[in-house]
Every structure is written in C-alpha cells, then in structure tokens.
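Working through the structure, step by step
Each chain, written out:
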Amino acid sequence: MVIKMKMRSILFISIILIYLSIPLWNFNNLIPIHSTSFSNEAFRFISKGYNYDGYPLITIANGTIHGGIYMKTGVYTNYMTGGIKVFNPDGYYGDPKFNIPNGTIIWARLYVGIWAGTPDCQGTLNTSINGINLPTLTIGPQTDSNPTYSNGHNVYGSGYGAWWVSYNITNYIVPGKQNNATARTASFDDGRLYTIFIMVVYKNSSMPLIDYWINEGAVCLSYEGNSNTISTFYGTVNVSEIASATLNVLYLVGGQGEEDYLYFNKVGENSYNASDPNQLDGNDVAQGDESCAFDFETFNVTALLEPSDNFVSFWIGNEAFLRPAGAVFILEHKEEDNEPPIID
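A brief look at the structure comes next. (Residues numbered from 1 in each chain as written. Predicted model: local features only at pLDDT ≥ 70, side-chain atom pairs only at ≥ 80, totals over all residues. Heavy atoms only, no water.)

**A short note on the pattern of salt bridges**
When charged atoms on two side chains of opposite charge get close, those side chains can pair. The full count for this structure, using the stated rule, is three salt bridges. Of the charged contacts, one joins glutamate 216 and arginine 109 as a salt bridge, the two residues approaching to 3.6 Å between their closest N and O atoms. Of this pair, glutamate 216 sits in strand β13 (residues 209-219) while arginine 109 sits in strand β5 (residues 104-115); the two residues are 107 residues apart in sequence, bridging distant segments of the chain. Owing to a relative accessible area of 1%, glutamate 216 belongs among the buried residues under this scheme. With relative accessibility at 0%, the residue arginine 109 sits in the buried group. Lysine 266 is the salt-bridge partner of aspartate 276, the closest N and O atoms lying 2.7 Å from each other. In this pair, aspartate 276 is assigned in the loop between β17 (261-264) and β18 (295-300) and lysine 266 in the loop between β17 and β18, connecting sequence segments ten residues apart. Aspartate 276 gets classed as buried once you look at its relative accessible area, which sits at 9%. Residue class for lysine 266 comes out partly exposed when judged on its relative accessible area of 35%. (Salt bridge = Lys/Arg side-chain N within 4 Å of Asp/Glu carboxyl O. Helix = DSSP H or I, 4+ residues; strand = E, 2+ residues; numbered from the N terminus. Buried < 20%, exposed > 50% of the residue type's maximum accessible area, 1.4 Å probe, protein only.)

Laid out in structure tokens, this is it:
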C-alpha cells in the first residue's frame, strides 16, 4: 500500500511539473480549432485581468456572412492634456455617437481604454449604450480578478496602468440608427480615457459575402519587455475566390514620430526595410492620431494573402511602449462565390 501511494504521489508531481513547464502565454503553441461564432480558442487562456506583458490577440469571433463590420472610434481631443470631458475631480467622461448601418446584428462590442496612472490603483468604470447601463466594473490593481476572453465583459490590464475593457453589447445595438455610448471613470490615480471604440458585425443580404476573424486582447510591448507579438487568423482560404483582403489593427498606445513596424504573413524583424512587400505602412504605423495615443489603421493585404493561417506581426521599433489591442481580418468573396471557407 505504501509503495502504491508513493507511486501515485510521484505520478501526480510529474504531471504538475510537466504542466508548469508549458509556457502559458506562448501563442505559437495554440492548435487550430473549429469555430463559427465565439471562438473556443479564447477559452485556452484562463487569467485574471492584469499581466505586465499583456494578453495575446486571439480569435474571439469569426464567421461567414453577407454583410459587414462597422468599426469606429469616438474621437476626442488630446487625452494627454485632459481634453476629454471632465466628469468629476477624479475622473473623466466621454459620450460618442455612432451611426450603425442597416442589417441584422450578429455580434457587437464596446471598447473603452483607460490610463489609470499606475498599476497599483483601483477605480471604477460606468458605461452605457443607448441609455442602458452596462455593469459597473471595479478595475485594478494588479490583483484584478475581472475575466479575459469571455463572452461577457473583459478587462485587460498591462504595463504601468493601461486598461482595455470590452463589453458585449450585441443585444443593445439598434441597426440603421444613431447609437449613443457613454463611459466615465472615477477613483483612479489618473483615469483619462484613451478612446471609446465600437465594433459591430451585421448581416445584410444586399452586401457581398465575407469571412471575418476578430482577434481581441491587449499586448504590452515595451523597452524592458517583449519587442514582438503575432496574431493569427486560423483557417483555410481559397485565394482564387477572394476579391479583397483587409487587415484592421487597433493600438491602445502608439506614439506619432516613434518608429514601430507591422508585417503581414511574415514574422519580420525589429527594423525598417522599404523594399519588403510584407512590411506595411512604412516605419511609423501606430501614430496615435486618434484621441492621441489610440490608433486604428486599415490595410489592403489582398496581394499578400496566403491559403491558410494568415497572420500579422507587430514590432515595437523604438517606441517606449506599443500596445496592440485588436486585429480584424476580412475577406470579401467574388460575386459568384457563395460557399463558406473551411475553418480549421
């Protein structure tokens, strides 16, 4: 009996050691999965809402529809000078309006970016959409226990106090109308808003057939941490049936005039090469030209399309901090093509 108990203990300890040896945040270890809506890939990461290096951009939604994806930021003046409307002495307020296209709403997220000031403070975020109050969130400090990659609300904290918050607002969007959002912070050491951003997937039978992948997270590339992150859109593509391929990237933080690099379907390197067709938008991609630090960029990558597992690679360059916060990949089919892709 004693021998059996010792053997079981040794086996148990061995399993634990093997588990601990697996890199939790190594995105390259992911195995392609089957998905048509909210991606099971997201459930591979079970974590609380703060990690200095952030959270990899992984697929939380993908599918094939006749329709489109509406993406828009609520643009404010320079957040670094306090240009966003002051809510009270220790918080900030924003109230953007979004004109949502006609169609049937499939999936929708409201994103709010917050600069807390430090990673050790705690504050609250109150948000609404079309007059409906969303859950009040207590955010921070580093022991934050909010979920990540869930089908509800998610909180991604990183670095020295940057927070990226997403809300599921699918049931609250009114198509073909102006939709109004609000967000206000309180009790943070700072609390300024980087942006309020909306993303809506909608069906419309009069529009082309598209395949889409929505990758969510909040990576913190820094001078003292990681310099590169890759986000993959897993699946097989019949390139001959595609009319256009579009890559959209979101940066929670990225400074204008500071070099950073972006590659499509190439890992690339932390430098600029003007003759490399896989390097996008020169040597300063994230220019923080929407509400200062936040940036949203769109690229036509049709000529770079691969038949499977297309991906985007972010490099920090000489930025002190670069925070990729989303990647959306859209394939528009040729008119005669009505078959969905194979999602591996």
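**Overview of the pairing of β17**
Of the two faces of β17, the one lined by Tyr261 and Tyr263 and the one lined by Leu262 and Phe264 are each fully buried. Summarising the sheet, β17 and strand β19 (residues 308-315) pair through four bridges and their orientation is antiparallel. Its bridge partner lying in β19, tyrosine 263 is registered against serine 313. (Pairing = 2+ DSSP bridges.)

**Considerations on empty space enclosed by the protein**
The tally for this structure, following the rule as stated, stands at two cavities of 30 Å³ or more. The computed volume of the second largest cavity comes to approximately 40 Å³. Forming the boundary of the second largest cavity are Tyr111, Met199, Ile214, Asn215, Glu216, Leu250, Ala325, Gly326, Ala327 and Val328. Looking at the lining of the second largest cavity, the elements that each hand over two or more residues are β13 and β20 (321-333). For the lining of the second largest cavity, the leading source of residues is β20, giving four residues. Partitioning the lining of the second largest cavity into residue classes produces seven nonpolar, two polar and one charged. (1 Å grid on protein atoms, 1.4 Å probe; cavity = no way out; pocket = protein on both sides within 12 Å on 5 of 7 lines; lining within 4 Å. Points joined across faces, edges and corners; volume = space filled by probe spheres on them. Nonpolar A, V, L, I, M, F, W, Y, C, P; charged D, E, K, R; others polar.)

**Description of the side chain of arginine 192**
Along the polypeptide, arginine 192 turns up in strand β12 (residues 192-203). You can call arginine 192 buried: its relative accessible area is 14%. A polar side-chain atom of arginine 192 sits 2.7 Å from a polar atom in the side chain of aspartate 190. (Polar contact = N/O pair within 3.5 Å; in protein donor to acceptor, adjacent residues only side chain to side chain.)

**So, the environment of glutamine 279**
On the secondary structure map, glutamine 279 appears in the loop between β17 and β18. It is 6.6 Å that separates the C-alpha atoms of glutamine 279 and phenylalanine 264, two residues lying 15 residues apart in sequence. A distance of 3.0 Å separates polar atoms of two side chains, one belonging to glutamine 279 and the other to tyrosine 263.

**Here we look at the sheet that holds β19**
Strand order in this open sheet of three strands is β15-β19-β17, and the pairing throughout is antiparallel. Since the sheet does not close on itself, it has two edges, and those belong to β15 (228-236) and β17, each with one partner. Put simply, the sheet's adjacent strands are angled 10 degrees from each other on average, direction ignored. (Axes fitted to C-alpha atoms, helices over the stretch in contact; angles between N-to-C directions.)

**Considering unusual backbone geometry**
Note that the residue after glycine 140, namely proline 141, is joined by a cis bond; omega there is -5 degrees. Even without being a glycine, tyrosine 149 presents a positive backbone phi close to 55 degrees. Taking the relative accessible area as the measure of exposure, tyrosine 149 reaches 1% and is therefore buried. Even without a glycine there, the phi angle at aspartate 281 is positive, about 65 degrees.

**Quick look at the pairing of β13**
Counting buried positions along β13 gives eleven out of eleven residues, so the element sits mostly inside the fold. Judged by which residues are buried, β13 turns out to be covered on both faces: Leu209, Asp211, Trp213, Asn215, Gly217 and Val219 on one side and Ile210, Tyr212, Ile214, Glu216 and Ala218 on the other are all buried. The pairing of strand β1 (residues 54-74) with β13 spans ten bridges and is antiparallel. In the sheet register, asparagine 62 faces β13, and the bridge partner there is tryptophan 213. Bridging between β13 and β20 involves seven bridges; their strand directions are antiparallel. Pairing of tyrosine 212 across the sheet is with isoleucine 330, part of β20.

**What about the packing of aromatic side chains?**
Across all of its chains, the model carries 16 aromatic pairs by this definition. Between tyrosine 50 and tryptophan 163 the ring centres are 6.0 Å apart and the planes differ by 50 degrees, which places this aromatic pair in the tilted class. Of this pair, tyrosine 50 sits in the loop between α1 (2-20) and β1 while tryptophan 163 sits in strand β10 (residues 162-168), and the two are 113 residues apart along the sequence. By relative accessible area, which is 1% here, tryptophan 163 ends up buried. Seen from their ring centres, tryptophan 164 and phenylalanine 294 are 6.1 Å apart, and the 25 degrees between their planes marks the pair as stacked. Pair noted here: tryptophan 164 is in strand β10 and phenylalanine 294 is in the loop between β17 and β18, with a separation of 130 residues, a long-range link. Neither residue differs from the other here; tryptophan 164 and phenylalanine 294 are each classed as buried. Counting every residue linked through ring pairs, the aromatic cluster contains Tyr111, Trp164, Phe197, Phe294 and Phe296. (Phe/Tyr/Trp six-rings, centres within 6.5 Å; stacked < 30°, edge-to-face > 60°.)

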